Amino acid sequence: MRKIILLLILFGITLGTKSQINRTNAFTRNLEMQKGINWNGLNYGKYFSLDPEIDMKVIKERGFQSVRIPVEWDAFVDASYNIETSFFTEVDKAIQAAIANELFPYINIHSWTEISDEPEAYYDEFIHLWEQIATHYSSWSDSLMFEILNEPAGNLTLELFNQFQRDALDKIRETNPNRIVLITHAMYSGFQHLPAGDIPWDANLIYTLHNYSTHEITHQGADFLGDYAYDFMGTVWSASEPEFTQMISDIESVKEFSDSNNIPINIGEFGVFTNAGNNTRYRWLNVMANLFQNNNFSYAVWDFGSNIYKANSNSTDMFTIFKGAWNEPFTSAIIDDAIISSKSNTNLLFEHDFESGIDPFKLTFWNAVDDRVILTHDNGQAKITVSAETENDWDAHLTYDLDSLEVGHYYALSVDLKADT
């Protein structure tokens, strides 16, 4: 009996100690790097390159605090998996430019589909890549962080990737004992598989996830998903109460994971492709980014740069390269603007049924057509009569001046109309 009691006590002490591992430095860094963006100058093989010295300055000036740098290392190795010296030089430039502009950079292994298809065949290369990367940057500023692998998936299963990741972390720690490392789980780092996440006994970790929920909203017409992505073209995210509730529920589940495992959360990718339409894009980005901020998650929106690597590609288009300009209001949605309100929080500002007359509505015109358009009140209706056609374009506006609208809120307008022709 005494032996059983003793074992239970020791087991309880072990669990308590692991859950209370001191990750103060990791939590502090996560707040320092909170608002970020993906910079795609070293991704997609040899398709293109950006100018990091210019771009990092632009990113910093816009108010971002960190930059995620996806790196396609496997496109620049020899037969023995040795990284080309010239490519290391290009990665160095990007990191140096980020640090010089007081951004927190994190580099990963990106765009490597082969390792998800045949994990065992690429294990040795995976470990050797991290051995080289970690050794190369071992003496660099601790503001540089490592992310082990972007969106592991396919045959790189949850259990198998957990082992791959632990082995890579062990290799990194041989030369970088205290550097912040971002870890994740397989199945594309999605929220729904978070419970399968495996957290090593390591103080300097941040857990990274991706969120494009749902593809029907964020990936409308995305070519790389195939024809089915066009089946949900026109899907609208209207910030309704059910939509808010689901989004908040997803974030709360991540926050619970963070709290119970004492580990900070990074959202390494999120975004909405341009086919979704401006209103849906703004609402989704704004609510998502503000929920990240409210829960002390760091995040990196997708992205800066991918809209030039392929002329007919889809893009989130946060920054248009050939214009040299940020796209608004989408950048403001994740950097500056307060969260929009759910449509469920409805306050009726104005209602009018024309039973008592037309006022305060007025008929206004453009292009001098006032003698051909007449506004009258008839049987509880505002009746507009057009008496003649013209060869020129013209407008007639039924207007009401409402002075109580506020920036950062979502408004709905409902109108009943009918016409004889």
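Residues numbered from 1 in each chain as written. Predicted model: local features only at pLDDT ≥ 70, side-chain atom pairs only at ≥ 80, totals over all residues. Heavy atoms only, no water.

Attention shifts here to the environment of P105. As for its position among the elements, P105 is in strand β3 (residues 104-108). You can call P105 buried: its relative accessible area is 0%. Taking the C-alpha atoms as reference points, P105 and I69, separated by 36 residues in sequence, lie 6.9 Å from one another. Apart from residues lying up to four places away in sequence, P105 is in contact with V67, I69, I95, A98, I99, S143, L144 and M145. (Helix = DSSP H or I, 4+ residues; strand = E, 2+ residues; numbered from the N terminus. Buried < 20%, exposed > 50% of the residue type's maximum accessible area, 1.4 Å probe, protein only. Contact = heavy atoms within 4.5 Å.)

Okay, the packing of helix α3 (residues 52-61) against helix α4 (residues 85-100) next. Direction vectors running N to C along α3 and α4 enclose 30 degrees, while the axes themselves pass 9 Å from each other. Our pair here, α3 against α4, has a crossing hand that is right-handed. Taking contact as the criterion, the partners of P52, E53 and M56 in α3 are, on α4, K93, A94, A97 and A98. For the contact of α3 with α4, the residue count by class is 5 nonpolar, no polar and 2 charged. (Axes fitted to C-alpha atoms, helices over the stretch in contact; angles between N-to-C directions. Left-handed = near helix turned anticlockwise from the far one by under 90°. Nonpolar A, V, L, I, M, F, W, Y, C, P; charged D, E, K, R; others polar.)

Right, let's talk about the side chain of N204 for a bit. With respect to the helices and strands, the residue N204 is situated in the loop between β5 (181-183) and β6 (205-211). According to the relative accessible area criterion, N204 is buried, its value standing at 11%. Within the structure, the side chain of N204 is placed 3.5 Å from the backbone oxygen of N178, a separation counted as a polar contact. Residues within four places of N204 in sequence aside, it is in contact with N25, R173, P177, N178, R179, I180 and V181. (Polar contact = N/O pair within 3.5 Å; in protein donor to acceptor, adjacent residues only side chain to side chain.)

With that out of the way, let us pick up the pairing of strand β2 (residues 66-69). Remember that side chains alternate between the two faces of the sheet whenever the strand is regular. Residue alternation in β2 divides its side chains into two sets, S66 and R68 and V67 and I69, and both sets are buried. Where strand β1 (residues 35-39) lies against β2, 3 bridges are found, and the strand directions are parallel. Its bridge partner being in β2, G36 is matched across the sheet by S66. When β2 meets β3, the two strands line up parallel, connected through 4 bridges. Residue pairing for β3: I69 is matched across the bridge by I107. You can see the chain leave β2, run along α4 and come back into β3, and the turn it takes is right-handed. (Pairing = 2+ DSSP bridges. Right-handed = clockwise from strand over helix to strand, strands pointing away.)

Applying the stated criterion across every chain, the model contains 12 salt bridges. Between R68 and E269 there is a salt bridge whose closest N-O contact spans 2.9 Å. Remark: E269 occurs in strand β7 (residues 265-270) and R68 occurs in strand β2; sequence separation between them is 201 residues. Accessibility classification places R68 together with E269 in one group, the buried group. (Salt bridge = Lys/Arg side-chain N within 4 Å of Asp/Glu carboxyl O.)

Moving on to the side chain of N38. In this structure, N38 sits in strand β1. Other than its neighbours up to four places away in sequence, N38 contacts R68, P70, G268, E269, A300, V301, W302, D303 and F304.

Across soluble globular proteins, nonpolar side chains show a tendency to be buried alongside one another. Within the largest apolar cluster, 86 residues are counted, with the highest numbers of intra-cluster contacts made by W73, F126 and F270. Counting residues per element, this core draws most heavily on helix α10 (residues 278-294), which supplies 8 residues. Grouped together as the second largest cluster of nonpolar side chains are 9 residues, A26, Y106, L182 and A300 included. (Core = buried A, V, L, I, M, F, W, Y, C linked by side-chain atoms within 4.5 Å.)

On to the packing of aromatic side chains, then. Considering all chains together, one arrives at 22 aromatic pairs under this definition. Taken together, the ring pairs in this structure connect W73, F76, F87, F88, Y137 and W140 into an aromatic cluster. Sitting above the plane of the F146 ring, R179 keeps its charged end 5.3 Å from the centroid. The ring of F330 carries R281 above its face, with NZ or CZ at 3.9 Å from the centroid. (Phe/Tyr/Trp six-rings, centres within 6.5 Å; stacked < 30°, edge-to-face > 60°. Lys NZ or Arg CZ within 6 Å of the ring centre and 35° of its normal.)

It is worth spelling out the packing of helix α6 (residues 119-136) against helix α7 (residues 158-173) at this point. For the pair α6 and α7, interaxial distance at closest approach is 9 Å and the crossing angle is 25 degrees. Compared by their axis directions, α6 and α7 come out roughly parallel. Viewed along their axes, α6 and α7 form a crossing whose handedness is right-handed. Here P119, E120, Y123, F126, I127, W130, E131 and A134 of α6 come into contact with α7, specifically with L160, F164, D167, A168, K171 and I172. Each residue belonging to the contact of α6 with α7 can be placed in one class, and the counts come to 10 nonpolar, no polar and 4 charged. (Parallel < 35°, antiparallel > 145°, perpendicular 65-115°, else oblique.)

To continue, consider α3. Within an α-helix, residues lying three or four positions from one another point in the same direction, as the helix has 3.6 residues per turn. Those residues of α3 that sit buried are P52, D55, M56 and I59. The arc enclosing the buried residues of α3, seen along the axis, measures out at 95 degrees, which places them on a common side. Away from the buried face of α3 by more than 90 degrees, exposed residues E53, I54 and E61 are located. Residues of α3 that are buried make contact with β1, β2, α4, β8 (298-304) and β10 (325-326). In this structure D51 caps α3, since a side-chain oxygen of it lies 3.1 Å from the backbone nitrogen of E53. One or two steps after α3, the chain reaches G63, where phi turns positive at roughly 110 degrees. (Arc of directions from axis to C-beta.)

What follows concerns α6. An ideal rise of 1.5 Å per residue puts 26 Å on 18 residues; α6 measures up with 25 Å between its terminal C-alpha atoms. Within α6, burial applies to P119, E125, F126, I127, L129, W130, Q132, I133 and A134. Where α6 is buried, its residues meet α4, β3, α5 (113-117), β4 (145-147) and α7. (Expected span 1.5 Å × (residues − 1).)

With an omega dihedral of -5 degrees, the bond running from S213 to T214 counts as a cis peptide bond. Position of T214 relative to the elements: it lies in the loop between β6 and α8 (215-218). Note that the residue after E328, namely P329, is joined by a cis bond; omega there is 10 degrees. Along the chain, P329 falls in the loop between β10 and α11 (330-335). Phi at E102 is positive, roughly 60 degrees, even though this residue is not glycine. By secondary structure assignment, the location of E102 is in the loop between α4 and β3. We note that M187 has phi near 65 degrees; this positive angle belongs to a residue other than glycine. Looking at the element boundaries, M187 is found in the loop between β5 and β6.

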